[in-house]
Amino acid sequence: MSKIWAGLIAALAAVGIAACGGSSSSSSTKTSAPASATTSSAATSSAAAAGTSAPLTLAADPSGQLKFTKTTLSAKAGEVKIEFTNQASLPHNLTIVQGSGGAVAGATPTFQGGTKTLSVKLKPGTYTFYCSVPGHRQAGMQGTLTVQ
Ligand SMILES: [Cu+2]
């Protein structure tokens, strides 16, 4: 078993070295520009960490007002994680739609107490986040999410 892992690691290292050396061979399926090759030697060990950014955080107003603690959020395109906390006495959810009323990109269940993490893949663009409990969005429980 360990020999397999050693082989994999050696293969990965070889790829990293090749990329770092500016080899013109195009064995990689990456679409990144050659200019980024200078960073690929470090990426070999931290690729998993580099692909995920820290989750965004958002909460329902804890005093019970029908609003979120933020009215704007911004994120990088790709896997976007939002930790939504609801310590209010009312159940809420976090729903994300494209534009201001487009297709639902993702939503948490409606819940009260605690935190739920919404994980959704988003392309660059403008989205609206809101609570879909009847009346809540209209009362002000919404904001804008910008994805770049
Ligand atoms: Cu709500």
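See above for the structure.
No experiment lies behind these values; they were computed from the predicted model shown.

What counts and how
Residues numbered from 1 in each chain as written. Predicted model: local features only at pLDDT ≥ 70, side-chain atom pairs only at ≥ 80, totals over all residues. Heavy atoms only, no water. Pairing = 2+ DSSP bridges. Helix = DSSP H or I, 4+ residues; strand = E, 2+ residues; numbered from the N terminus. Axes fitted to C-alpha atoms, helices over the stretch in contact; angles between N-to-C directions. Contact = heavy atoms within 4.5 Å. Donors = N, O, S within 2.8 Å, 3.2 Å for Na, K, Ca; no water. Buried < 20%, exposed > 50% of the residue type's maximum accessible area, 1.4 Å probe, protein only. Polar contact = N/O pair within 3.5 Å; in protein donor to acceptor, adjacent residues only side chain to side chain.

Asker: For this particular structure, what's the right way to read the sheet that holds strand S2 (residues 72-75)?
Answerer: Strands pair in a sheet through their backbones, by hydrogen bonds, and they do so in one of two ways: parallel or antiparallel. Strand order across the open sheet formed by five strands is S2-S8-S7-S4-S5, with mixed pairing between neighbours. Of all the strands in the sheet, the pair left with one neighbour each is S2 and strand S5 (104-107). The mean angle between the axes of side-by-side strands here comes to 25°, regardless of whether they run parallel or antiparallel. The pairing of S2 with strand S8 (residues 142-147) spans four bridges and is parallel. When the sheet's bridge partners are listed, serine 74 is paired in S8 with threonine 146.

Asker: Which parts of the structure should I look at to understand the environment of threonine 72?
Answerer: Among the secondary structure elements, threonine 72 is positioned in strand S2. Along the chain, threonine 72 and leucine 58 lie 14 residues apart, while their C-alpha atoms are 9.8 Å from each other. For threonine 72, the residues in contact, after removing those within four places along its chain, are Phe129 and Thr144.

Asker: Help me out: how do you make sense of the coordination of the copper ion in this one?
Answerer: Those protein atoms acting as donors to the copper ion are His92 (ND1), Cys131 (SG) and His136 (ND1), and they sit at 1.9 to 2.1 Å. Positions of the donor residues of the copper ion along the chain correspond to the pattern H-x38-C-x4-H. Within this pair, whereas histidine 92 is found in the loop between strand S3 (78-85) and strand S4 (95-98), its partner histidine 136 is found in helix H3 (residues 136-139), the two being separated by 44 residues in sequence. Look at histidine 92 and you get buried, because its relative accessible area is 0%. On the accessibility criterion, histidine 136 (8% relative accessible area) is buried.

Asker: Which parts of the structure should I look at to understand the pairing of S3?
Answerer: Remember that side chains alternate between the two faces of the sheet whenever the strand is regular. Summarising the sheet, strand S1 (residues 56-59) and S3 pair through four bridges and their orientation is parallel. From the neighbouring strand, leucine 56 faces S3, where its bridge partner is isoleucine 82. Where S3 and strand S6 (residues 115-122) come together, eight bridges link them in antiparallel fashion. The residue of S6 that forms the bridge with threonine 85 is threonine 115.

Asker: Explain the side chain of asparagine 93 to me, please; I cannot follow it from the model alone.
Answerer: Here asparagine 93 lies in the loop between S3 and S4. Accessibility expressed as a relative area gives 2% for asparagine 93, which makes it buried. Side-chain polar atoms of asparagine 93 contact the side chain of threonine 95, separated by 2.9 Å. Engagement of the side chain of asparagine 93 in a polar contact is seen with the side chain of serine 132, the distance being 2.9 Å. Those residues in contact with asparagine 93 that sit more than four places away from it in its chain are Phe68, Phe84, Thr108, Pro109, Thr110, Tyr130, Cys131, Ser132 and Val133.

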